[in-house]
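Topology and contacts: notes
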Amino acid sequence: MAIPVGERVGMTSLFVAARAFHYGSALLLFGELLALVWIAGTPGRSTSRTDASASRRRFSSVAGGCVVVSLASGLAWFVLEAAVMSGLPLGSALHSDTLALVLDATAFGRLWLLRAALLAILCALLVATGRGSVDAHRSIPAMAATLVAATYLGTLAWAGHAAAGQGSDDDLEIVADLVHLLAAGAWLGALPALVFLLGDAGPEDLAADAARRFSMLGLACVAALIGSGLVNAWYQVGSVPALVGTEYGRWLLAKVSVFALMLAVATVNRGYLVPRMATGDRGARRSLRRNAMLEAALGIFIVFVVGRLGVTEPAAHQPAVWPFARTLSWQAMERSAWTQLVLAAAGAIALAAALFALKGALSRPPRLSWGAFACIAVPAALFAWLLAVPAHPTTYLTSPVGYTTRAVADGAARYSAYCSACHGRDGRGERSAARSPPVELTERVPQRREGDLFWSIAHGIPGTAMPEFAPPLTDDEIWNLIQFLDAQWAARNATAMTDRVKPLLPIAAPDFTFEFPGRPQESLRAVRDKRVTLLVFYTVPQSLPRLDELEAKHRAYAAAGARVIAVPMDGSPIATVAATVPAGTPILARVGGDVSKAYALFAPPEGAPDERAPAHLEYLIDRDLYLRVRRVGVPAADAARTTDMLNQIDILFGEPPRAPPQWGHRH
């Protein structure tokens, strides 16, 4: 039974609330215990029995409330998660069988069992702490409760986006999330306790000591929050466009903005108010308490943003819609030595000013230099002015269509139908076109982002003869066309390929699937970094001697780390050549007809000496999926030929690994 749309919206709101209350209660519980064992300090002679009793009652009330809220919100979160996992409406998911299955058979359920056990242990330790003496902060139960509360809070790292990843860096993401949670708990969670300790009724010495200790703790927490936050942003956001162009990124920006405001308030506290409190200034104490209340209020907003982020797809997995009419590009600097000189000078001035401003901010008391800020702002504005280029909503989109032979072949058909009249068959411009002057594409394509190309094709280019093509072309057809333009540009570099390995040229091999008889389907990209590929396009009967030779030597190629994939030049199925090529030949692969069409782009162009399409063609594709060697024509059956090819394979294996082709990020 599908969940109705209205109920899904309601469940999202409940998810946000449940996560926010659960995170908030766990943060506050850890912060209260940390305040008890570290920030509150040792009660002195000036502490009355009434003050100590009030402090104990407050701690017991806050801790008990945190436990109740954490338990209730945790149960709500679990039920909502069970509904999402089962795909059932919320009412149906409340069945005991569904809940038991999620609890027992999922990582989320097992995590919740562990956290329930931790909460039970924590309750027992809190009771023991509350029954202690005035020096309860020194007791073993209080310290043990603090460690358990830290564990209880830290285990939330396995309930977030970091734990959902499947990459090799999952451990680093989870550690960063763990550090972020503990630092947030130590700072935000301890703020209410600091507000209480700074109350007018408390002794001056304890209040000043608490402010000093919290200031030291806050400095460490801010450093941990910034460091772990940058790691999290690297994995969950990944880029500035994703930060401003996705829902997740905009919520994160809101969180960072509030955090920056909290940091500004904390800087005033540490630089001005805490030193004044040490001298017995009652006004500084009241100001510090007011600022701590402001920080706590801002922290509540951050907790609810965290609840929202937890139910929002990370920005790194969303298409980024650029919201501005311009963006920054290094192209202007790459074209002009004068621009490079100006930007280098501006950057040096800004760096010196930033160091000067940092030195002033870290001094006691902090000193702010408006001149230094101006020396940062002016070069920044100069950078923006010199590097700004027009942008579109799709500028930072990358193709959802892979660089495959199917996409290239489909794009070639679209290009022939819609583009070749103006841009020529090979993208070099068509002077015979009456409706527009020749427009050379092959030089422009590598200089533009995929998203900009998509926008220009879909919406046209104002002030030019370039019309809009959406419709009649669908989005996928436009992306296929862009993949063909990439292949067309790479084909220009292919003219430099020979039968020997040369320094790398950016000629990416389009991916495709293939299947050897009796074996599972494979793809070219599936074994990247592991094998070199000898891709053979043959024609029957001309290629039969070469196929016999490759069949006889296929074990030698496999031992050298290469696989041989032989496909018909004309895209015919294997069945049509079964009469002349043994069906069990281990190098013959079944592929789609688009493979030969796509790789024909990298064959010798028309006008070559033979003036005809080759009857036989071989490519060596390195482990990073770049075309490196091209051999044209049916070779004579010769043992030296195999030896030479194996030598070329050895050369490719001797090269260091490179990044795979990334067509969406050309500059």
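Residues numbered from 1 in each chain as written. Predicted model: local features only at pLDDT ≥ 70, side-chain atom pairs only at ≥ 80, totals over all residues. Heavy atoms only, no water.

**Overview of the overall build of the chain**
- Each helix and strand counted, the chain has 23 helices and 8 strands in total.
- Classification of the 667 residues of the chain by burial places 46% in the buried group.
- The long-range share in the chain, meaning contacts at least 24 apart out of those at least 6 apart in sequence, stands at 75%.
- Accessible surface, the chain: about 32400 Å² in total, of which carbon and sulfur atoms supply 64%. (Helix = DSSP H or I, 4+ residues; strand = E, 2+ residues; numbered from the N terminus. Buried < 20%, exposed > 50% of the residue type's maximum accessible area, 1.4 Å probe, protein only. Contact = heavy atoms within 4.5 Å. Areas by Shrake-Rupley, 256 points an atom, 1.4 Å probe, with all protein chains shown as cover.)

**Details of the packing of helix H18 (residues 450-459) against helix H19 (residues 475-494)**
- Interaxial distance between H18 and H19 falls to 10 Å at its minimum, and their mutual angle equals 120 degrees. With respect to their mutual orientation, H18 and H19 come out oblique. Between H18 and H19 lies a crossing of right-handed hand. Contact with H18, carried on its side by Glu 450, Gly 451, Leu 453, Phe 454, Ile 457 and Ala 458, involves Asp 475, Ile 478, Trp 479, Leu 481, Ile 482, Gln 483, Leu 485 and Asp 486 of H19 and no other residues of that element. (Axes fitted to C-alpha atoms, helices over the stretch in contact; angles between N-to-C directions. Parallel < 35°, antiparallel > 145°, perpendicular 65-115°, else oblique. Left-handed = near helix turned anticlockwise from the far one by under 90°.)

**With respect to the sheet that holds strand S7 (residues 617-621)**
- The 4 strands are arranged S6-S5-S7-S8 in an open sheet whose pairing can be described as mixed. In this open sheet, the two edge strands, each paired with only one partner strand, are strand S6 (562-568) and strand S8 (627-632). Strand-to-strand twist in this sheet, taken as the mean axis angle between neighbours without regard to direction, amounts to 15 degrees.
- The sheet contact formed by strand S5 (residues 532-538) and S7 spans 5 bridges and is antiparallel. In the sheet register, Thr 533 faces S7, and the bridge partner there is Ile 621.
- Against the sheet, helix H20 (residues 544-552) engages S5, S6 and S7, with an angle of about 155 degrees to S5. (Pairing = 2+ DSSP bridges.)

**Points about the pairing of S8**
- The element S8 is largely enclosed, with a buried count of 5 among its 6 residues.
- Two elements, S7 and S8, share 5 bridges in a ladder whose sense is antiparallel. Bridge pairing links Tyr 619 to Arg 630 in S8.
- Between S7 and S8, which pair antiparallel in sequence order, lie 5 residues; one of them, Leu 625, sits at a positive phi of approximately 70 degrees.

**Re the nonpolar core**
- In this structure, Trp 77 and Trp 187 are the most contacted members of the largest nonpolar core, which totals 80 residues.
- Broken down by element, the residue count for this core peaks at 14 residues, all from helix H1 (residues 5-39).
- Residue contacts for Trp 77: discarding those within four places in its chain leaves Phe 15, Ala 18, Arg 19, His 22, Tyr 23, Phe 108, Trp 112, Leu 156 and Ala 159.
- Of all hydrophobic cores here, the second largest spans 48 residues; its members include Val 401, Leu 485, Ile 507 and Tyr 599. (Core = buried A, V, L, I, M, F, W, Y, C linked by side-chain atoms within 4.5 Å.)

**Looking at unusual backbone geometry**
- Cis geometry marks the peptide bond from Pro 471 to Pro 472; its omega dihedral reads 20 degrees.
- Cis rather than trans, the peptide bond between Val 540 and Pro 541 has omega equal to 10 degrees.
- Locating Pro 541 in the fold gives a position in the loop between S5 and H20.
- Positioned with a positive phi, Leu 625 is a non-glycine residue whose angle comes to about 70 degrees.

**Structural notes on the environment of Val 175**
- Note on placement: Val 175 falls in helix H7 (residues 170-187).
- C-alpha separation for the pair Val 175 and Ser 228, spaced 53 residues apart in sequence, amounts to 8.4 Å.

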